[in-house]
Amino acid sequence: MMTLAANVIRENLRNRVLYLLAGIGLLLMFAMLAGQGGRLSTQDGENLLETLDGVMRAGFALVGAIGSLVTVVLTMNTVPREYERQTIHLVLVRPVHRWEVAGAFLLGNILSAWLFLAIMATPLFAALSVRSALHLVPVLLKALPALALNVALIAALVTLLSSRVPGAAAAFLGLLLYLLGAFSGELQGLALASKSAWAPVGRILLGLVPPTGTVSGEALKLFTEGMTLDWRIFVTGLIYLWVVVGLTVVSIDRKEA
Amino acid sequence: MTCAIETIKLTHRYARLEALKDLDLSVAPGECVGLLGSNGAGKSTTMKILLGLLRPTEGRAAVLGHPAGHQSIRGRVGYSPETPHFYPFLTALETLDFFRRLSGLTASAAEMEGTLAAVGLAAVAHVRVGGFSKGMVQRLAVAQALLGNPDLLFLDEPSSGLDPAGRVEMRSLIRRLKARGTTILLSTHIIGDVEEVADRVVMLKAGRLVDVCDLQTRSALGVTARVDGLRPETLEALRAMGLHASVEGETLQLAGLEPGQEPAVVARLVGDGARVFSFTPMRVSLEQRFLRVMGGGADHDDIGC
């Protein structure tokens, strides 16, 4: 499985579009976060980048958004490419279990996404350095696994979708789910407060949305002193990831070469 | 004796298209069987089912005594696909190493270089596959299939994209593998290749088996003889032997001879007082037979192994 996963990573890292996206994302983040004079206004006209807390919130959202976009581009073609050019045939005829093949695709995609996430997160450290807040580096290091979980969720979802639909459609659905996921907390709140007859259906459908918004929101609490984390949110994210991994294994196992 | 390959009523449908219908096929261990047929005849589909890449819609397929695609036999099977594609960023040697690792083999670099040499790629072992010609990719496909000295080889168009010298080398390689006892299922459009290396040829047409030709025991299917003093009762006796006989002047044309029947025919002619000046067996080429079969005829031979 590691042999195949390593190959997936090697192939992913050769995607030039990723470097372009990552480069643009890095420039954008450095400009906004690392510079002292950046401005990111809230609805109330307040500059989010004036306070460290605001910088971290904006940075997290940006790293999450650009990291997710990069992850979608990174993972959308891994499975379709293997089947279209039939390189998968020479893998499947060997004494390798299909769950190992599925696992290798997932592992390769998730590790590649994490690598890019690590690169995308460098402006956050730069921002802490510029604002003389290096004491927050350990806090940032504690919070980043939440983004890693989110990116893994997106990578796994797109890998699963791309095992059934063309890469472009998988990317579109992945982005849609990411956007819904970013507002999953708000949407769940709305669904719970709603008295509509459709509210139960809405709650069930929201269960299909990756809980990326609530996971990153919870991680941000680390930057506010005295706040306690609700670990159930991270456990929910891990369960979601586990379910998607399981579905991917079943999907690839049943997929005809 | 367990067949290396055995299919019973094997059928596969892609949506509404019936790619394979009721294929009964047996291949004995050590045998080299050629699969012949036009495009879309079902050759690649047959191979993919036997390799476990496709699931049959109906029927059964067994490979090396196990259900097709069974985990336990995958390490004993090699496959060279019709349109191979490799990771362009790997060198030929790295490609073999990648497949070696997937197969759980412990071949050394020297052994892998030996495999590359066997297919004529020794000089480009450290060149990236992305720069390979179609013929070189085809050779690499065969090389990866040879890893671990498999008992059974599935070669789907192995000569595709090869130049004439390459085709000769490929035939020579297949003969060497046969001599080593490797069972080979060879799919090709090149009738001359299959005629030279296969023991038996199975012809498929629109997913159905339409002919099986045993190339080992195939003899003269026709004879042209110059005979003087041929009597009508001799002609009748030859026809009674199951032969199609016709005479024009001194030329006697015989068709439908069984393997090894020629001496008996000559003995009958001479015994009846005819003088035989020449007796020339005329082989019907595999190509002629293929064209006849694909043109609409359908002979069904017994295909037990």
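Predicted, not measured: the structure shown is a model, and the values here were computed from it. (Residues numbered from 1 in each chain as written. Chains lettered and ligands numbered in written order. Predicted model: local features only at pLDDT ≥ 70, side-chain atom pairs only at ≥ 80, totals over all residues. Heavy atoms only, no water.)

## So, the overall build of chain A
- When its secondary structure is counted, chain A shows 13 helices and 0 strands.
- The helix and strand sequence of chain A, counted from the amino end, reads α-α-α-α-α-α-α-α-α-α-α-α-α.
- Whereas a compact globule of 257 residues would reach a radius of gyration of roughly 18 Å, chain A reaches 19 Å, a difference of no more than 12%.
- By the burial criterion, 52% of the 257 residues in chain A qualify as buried.
- When the accessible surface of chain A is split by element, carbon and sulfur atoms take 69% of a total near 12,100 Å².
- Charge separation in chain A, taken as the distance between the mean sites of 18 positive and 14 negative side-chain charges, equals 6 Å. (Helix = DSSP H or I, 4+ residues; strand = E, 2+ residues; numbered from the N terminus. Rg over C-alpha atoms; globule rule 2.2 N^0.38 Å. Buried < 20%, exposed > 50% of the residue type's maximum accessible area, 1.4 Å probe, protein only. Areas by Shrake-Rupley, 256 points an atom, 1.4 Å probe, with all protein chains shown as cover. Lys, Arg positive; Asp, Glu negative; His and termini not counted. Charge placed at Lys NZ, Arg CZ, Asp CG, Glu CD.)

## Re the pairing of strand β6 (residues 77-80) of chain B
All names here are of chain B.
- Side-chain alternation along β6 places Val77 and Tyr79 on one buried face and Gly78 and Ser80 on a second face that is also buried.
- One ladder, built from 4 bridges, connects β6 with strand β7 (residues 152-156); its direction is parallel. Counterpart to Tyr79 in the pairing with β7 is Phe154. (Pairing = 2+ DSSP bridges.)

## A closer look at unusual backbone geometry
All names here are of chain B.
- Of note, Leu64 is a non-glycine position whose phi angle comes to about 50 degrees, a positive value.
- Its location among the elements puts Leu64 in the loop between β4 (58-63) and β5 (66-67).
- Judged by relative accessible area, which is 15%, Leu64 ranks as buried.
- Here the phi dihedral of Asn149 falls at roughly 45 degrees; this positive angle occurs in a residue that is not glycine.
- Mapping Asn149 onto the fold places it in the loop between α4 (134-146) and β7.
- On the basis of relative accessible area, Asn149 is assigned to the exposed category, the value being 52%.

## Quick look at the interface of chain B and chain A
- Counting from both sides, the interface comprises 27 residues of chain B and, opposite them, 24 residues of chain A.
- Between chain B and chain A lies a buried interface of about 2,700 Å² when both sides are counted; carbon and sulfur atoms form 56% of it.
- Contact with chain A buries area across many residues of chain B, yet B:Leu53, B:Phe89 and B:Leu102 alone supply 25% of it, more than any other trio.
- When residues of the side of chain B that touches chain A are assigned to their parent elements, the largest contribution, 6 residues, is made by helix α2 (residues 92-103) of chain B. (Contact = heavy atoms within 4.5 Å. Buried area = accessible area lost by both parts, 1.4 Å probe.)

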